[in-house]
Each structure stands twice: as structure tokens, then as C-alpha cells.
Amino acid sequence: MKVLVLGGGGREHALARALSRDPGVSELHVASGNPGTAALAHNHDVPPADPEAVVGLARPLAVDLVVVGPEAPLVAGVGDALRAAGVPCFGPDAAAARIEGSKAFAKDVMTAAGVPTAAARVCVTAAEVDAALAEFGPPYVVKEDGLAAGKGVVVTEDLAAARAHAAGSERVVIEEFLDGPEVSVFALSDGRAVVPLSPAQDFKRAYDGGAGPNTGGMGAYTPLPWAPPGLVDEVTATVVRPTVEELARRGTPYVGVLYAGLALTSRGVRVVEFNARFGDPEAQVVLDRLETPLGGLLLAAARGRLGDVPPPVGRPGAAVTVVMAAENYPDTPVTGDAIEGIEAAESVPGAYVLQAGTRIDGGRLVTSGGRVLNVVGTGADLEAARAAAYAAVARIRLRGAHHRSDIAALAASAEVASE
Ligand code: AMP
Ligand code: GLY
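Scoring rules and cut-offs
- Residues numbered from 1 in each chain as written.
- Chains lettered and ligands numbered in written order.
- Predicted model: local features only at pLDDT ≥ 70, side-chain atom pairs only at ≥ 80, totals over all residues.
- Heavy atoms only, no water.
- Helix = DSSP H or I, 4+ residues; strand = E, 2+ residues; numbered from the N terminus.
- Near = heavy atom within 4 Å.
- Polar contact = N/O pair within 3.5 Å; in protein donor to acceptor, adjacent residues only side chain to side chain.
- Areas by Shrake-Rupley, 256 points an atom, 1.4 Å probe, with all protein chains shown as cover.
- Pairing = 2+ DSSP bridges.
- Axes fitted to C-alpha atoms, helices over the stretch in contact; angles between N-to-C directions.
- Contact = heavy atoms within 4.5 Å.
- Nonpolar A, V, L, I, M, F, W, Y, C, P; charged D, E, K, R; others polar.
- Salt bridge = Lys/Arg side-chain N within 4 Å of Asp/Glu carboxyl O.
- Buried < 20%, exposed > 50% of the residue type's maximum accessible area, 1.4 Å probe, protein only.
- 1 Å grid on protein atoms, 1.4 Å probe; cavity = no way out; pocket = protein on both sides within 12 Å on 5 of 7 lines; lining within 4 Å.
- Points joined across faces, edges and corners; volume = space filled by probe spheres on them.

## As for unusual backbone geometry
- At the junction of T222 and P223, the peptide bond is cis and its omega measures out at -5° in the coordinates.
- With respect to the helices and strands, the residue P223 is situated in the loop between β15 (219–222) and α10 (231–249).
- Residues Y329 and P330 are joined by a peptide bond in cis, for which omega reads 10°.
- Here P330 lies in the loop between β18 (318–325) and β19 (339–340).
- Notably, N328 is not glycine yet its phi reads approximately 80°, a positive angle.
- With respect to the helices and strands, the residue N328 is situated in the loop between β18 and β19.
- Positive phi, close to 65°, is recorded for A408, a residue that is not glycine.
- Structurally, the position occupied by A408 is in the loop between β24 (397–398) and α15 (409–412).

Structure (C-alpha cells):
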């Protein structure tokens, strides 16, 4: 089968890597890709969020499947355009992708489907904002109602800061604060059937110990040895299935991966957010642990035949990924710095490097975005995987780079990690 992957970050490098290991995948294309995907696939200089341009690429290549990595193409209607052109697409239509694109829509679907989530108020005026902040009290949770790549959320004890964040957007969602560790669960859906994968944990804050601003994610690991047994089954039954059924009932069936960002609170599992795609960097570890060939699974979902394929099988062991970020990330990152040492990093047993914000400049690999590399370590358990990841990180030379040193640290010592 011929597959086209859309996007060009660490998640897409991980998708390309997993697809290139699938014996059923004969040809692999990426638009636009990055220097990492170029080593595994044909990169095409086509904008992934332009529906016409993507159809114009997929058709002549005669691809059997398009796999959409990031949210922007989904919200822009790339899934709709591909399906209209008869090209199977793993990734929902724009209407169903609103589960990620609009926090208010997601809340509405959850309410209708009886899915447990934080109580929330959608606010437009300053008076509504003040009333909602007073109702829920601190810590205040204020979310922009739109795509913000995980960065449109402010969680703060400071009322003035909460108000200021709300004042910056036309429409915000203000929520009750959820305590407890966060877990990301990914479920493949063909519109009806759902198939969960191994859960992962993401580290959203920029610095060790959960300090600093929210980011797109600074690291991740799987499996979660501390998670309650039966967590994935519970989430499938109480969150994923009702949500997929509700979207089908509304006439907008969900085809793709539904990402449930969950808080395991003292009062039970609550949805923090939905995303319409694989999490980044969680996908990097979840896909590493998947034994079942990825292409066949995603094609079955895209064709509405997920119920006909055997449930996916995982590989034993663990995977940890550490994000190496550019200077000043998550604020405007410094770009153009040389990256060296990838080969040395990959000579660490069990380790490899996925590229995210990189490009080639005059024959050299340089930084081009905030999250530059995802260094992945694998091993028999989290401790071994973590050791491999950090040994590899130590071999990368990148001026001004920063990374967290505590990814999977608590989990490796069998404690619950909350950040
Ligand atoms: P979101 O974009 O909705 O995923 O939010 C980004 C991050 O903000 C989440 O991963 C949480 O760490 C935090 N967050 C969002 N909503 C809440 C909430 N209701 N209570 C506590 N933390 C939250
Ligand atoms: N890692 C969080 C996200 O992909 O939104």
C-alpha cells in the first residue's frame, strides 16, 4: 500500500518510522515532512493544510491512504476533501475535528454524551468572565476557544492574570480546576468501532517538577505502571465510545484517532480535553510500543473496517521520549542553531532520535522550531528506557537547548507522576 503522511514534526517522523516498518507499506510519502522523514520517505513541498493541494498530491501518487498528523489540516477540511475525492483518510472531517478545534463544541458533545469532564462556562463578556471565575474559585482555568496547540490555556492562582488571559480572546471557556495526574489515551475509530492503544503520560510544563509555562509537551512515556488496572477499559466505555456514538448521531462520524486528555481526580476520571489527532510527543512512545503493523490498522479505520481486524498487540517493555527544545521555547524560539551528535545519540543501545523543528541549511542540520528533537529511549522497563533516552540526550550538541531532566522519573520509581 502507498501511504501519504501529512505534517512535519516529531509525531510525523514517528508515524513515518512506524509505517516504514510495516511490511504492507510499499511506498511512503510525507507533505511537507522534515529532514528526519526525508530519510524514510519521499518529502513533498506541499502545504498539508491546503485541501486542494493535498488532493492534488494524493491523486497522482495514487496513494491508498492519507494519515493526517496535526490538527490544522483537519480543521481546514483536508479530510472532507480527500474523502470527496475517494481517497481513504485517517483523520476526521472538519465537523468532527471541532472536538479539538472548539472547546465549547467539545463540552457540548460531552454533556450530550454524559462524558465526565470539568464543569465549565462559555464566556464572552467581562461580566460573564468575572462571574465564572468567582463561581469556580482558584486555581483558575481559562481556555481560549480555538486551536492553540496546547498553549491557549492558563491555570493560575492569580485572579488578575486569569482576567487578563480572558480579555485577550473573544470567547473563552472557564472551568473548574481538576486535580490528580494526567493521562493521554488514544483510541482509533472508524466512525463506529473503537480500538484503544496503550496510555501515555505527557509533561506539559516547560521545566522540571512541573514549573514554568505550558508547552506543547516536553516529554512522554508509556506504559504507566502506576495507573489503575482497567483504566483503558473504563475510559473506552465511559469516554471514547459515548463520544464517538454522539458524533455519529450528529451525522459527523469520527474517523481517526480520538485523543482523550484525562485527569485522574479524587472523584474519578475527567476529560481535560479532546484532540482529533495523535498527541505529540505521546505518539512517539505509543507508536514505538505497537507491534501490530500501523498501516493496516489505520487503513482499516479509514475504510470503516476496524471491526474486521484483530485488536492491536503491543510490544513488551517501555519507551520514554525527551524533547530537546530551542532557546526561549515556548516563547518565540531562537532558530538556525546547528544540531550535532544525532549519530552518537543513536549509538546508545535502545535509543533513537526523531526530528521535529529541524531543517537543512547549507548542508547542515539546524533548528527551525521550538521543539527541535524527540530523543527516544527504549528498554525492558521505564528505568532502562529513561537511562537510554538521557544517555542519548547527553550526546546531542545544540546551543541554548533545554530539556526536562525528570521525564518518567517518578514513574520509573513506581510512584505516580503528576507533572
Ligand atoms: P488543554 O489545552 O485543554 O489540554 O489544557 C492544557 C493543560 O492545561 C492541560 O494538560 C492541563 O495540564 C491544564 N488544564 C486544562 N484544563 C484544566 C483543568 N480544568 N484543571 C486543571 N488543569 C487543567
Ligand atoms: N502533547 C499534547 C498534545 O499533543 O496536544
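Still more ground to cover, so stick around.
## So, the site of ligand 2
- In the region of ligand 2, the neighbouring residues are D202, K204, G216, Y259, N275, R277, G279, D280, P281 and E282.
- Measuring from a nitrogen atom of ligand 2, one finds a backbone N or O atom of G216 at 3.1 Å.
- Here R277 contributes a side-chain N or O atom positioned 2.9 Å from an oxygen atom of ligand 2.
- Relative to its unbound accessible surface of 200 Å², ligand 2 loses 95% to contact with the protein.

## Side note on the sheet that holds strand β7 (residues 140–144)
- One open sheet holds the 4 strands; their spatial order is β6-β9-β7-β8, and the pairing between them is antiparallel. Among the strands making up the open sheet, the edge pair consists of β6 (120–123) and β8 (153–156). Sheet twist, expressed as the mean angle between neighbouring strand axes with direction ignored, is 20°.
- Note: β7 against β8, 4 bridges, orientation antiparallel. Within β8, the residue paired with V142 across the bridge is V154.
- On top of the sheet, helix α7 (residues 103–113) reaches β6, β7, β8 and β9 (172–175); it is set at about 50° to β9, its chief contact.
- Along the sheet face, helix α8 (residues 126–136) touches β6, β7 and β9 and points at about 165° away from the line of β6.

## Describing the site of ligand 1
- Taken together, 14 residues lie around ligand 1, and K143, E175, L178, E182 and E273 are the ones closest in.
- Within the contact set of ligand 1, an oxygen atom lies 3.0 Å away from a side-chain nitrogen or oxygen of K103.
- Here ligand 1, which alone exposes 470 Å², has 94% of that area covered by the protein.
- Listed by contribution, the elements that provide at least two residues to the shell around ligand 1 are β7, β8 and β17 (268–275).
- Partitioning the shell around ligand 1 into residue classes produces 6 nonpolar, 1 polar and 7 charged.

## Details of the pattern of salt bridges
- The tally for this structure, following the rule as stated, stands at 23 salt bridges.
- A salt bridge links E71 to R277; its shortest N-O distance comes to 2.9 Å. Taken together, the residues E71 in helix α4 (residues 71–75) and R277 in the loop between β17 and α11 (282–288) connect sequence positions 206 residues apart.
- The class of R277 is buried, set by a relative accessible area of 9%.
- With a shortest N-O distance of 4.0 Å, R371 and D280 are connected by a salt bridge. Placement of R371 in strand β23 (residues 371–379) and of D280 in the loop between β17 and α11 is noted, with a sequence separation of 91 residues between them.
- The exposure class of D280 is buried, given its relative accessible area of 13%.
- Linked through salt bridges whose partners overlap, the residues forming this network are D108, E246, R249 and R250.

## Some details on empty space enclosed by the protein
- For the structure on display, the rule yields 3 cavities of 30 Å³ or more.
- Its volume calculated, the largest cavity comes out at about 80 Å³.
- Forming the boundary of the largest cavity are 13 residues, of which K103, A106, V272, E273 and F274 lie nearest the centre.
- Those elements that place two or more of their residues in the lining of the largest cavity are α6 (94–101), α7 and β17.
- With 4 residues, the top contributor of residues to the lining of the largest cavity is α7.
- Of the residues contributing to the lining of the largest cavity, the split by class is 5 nonpolar, 2 polar and 6 charged.

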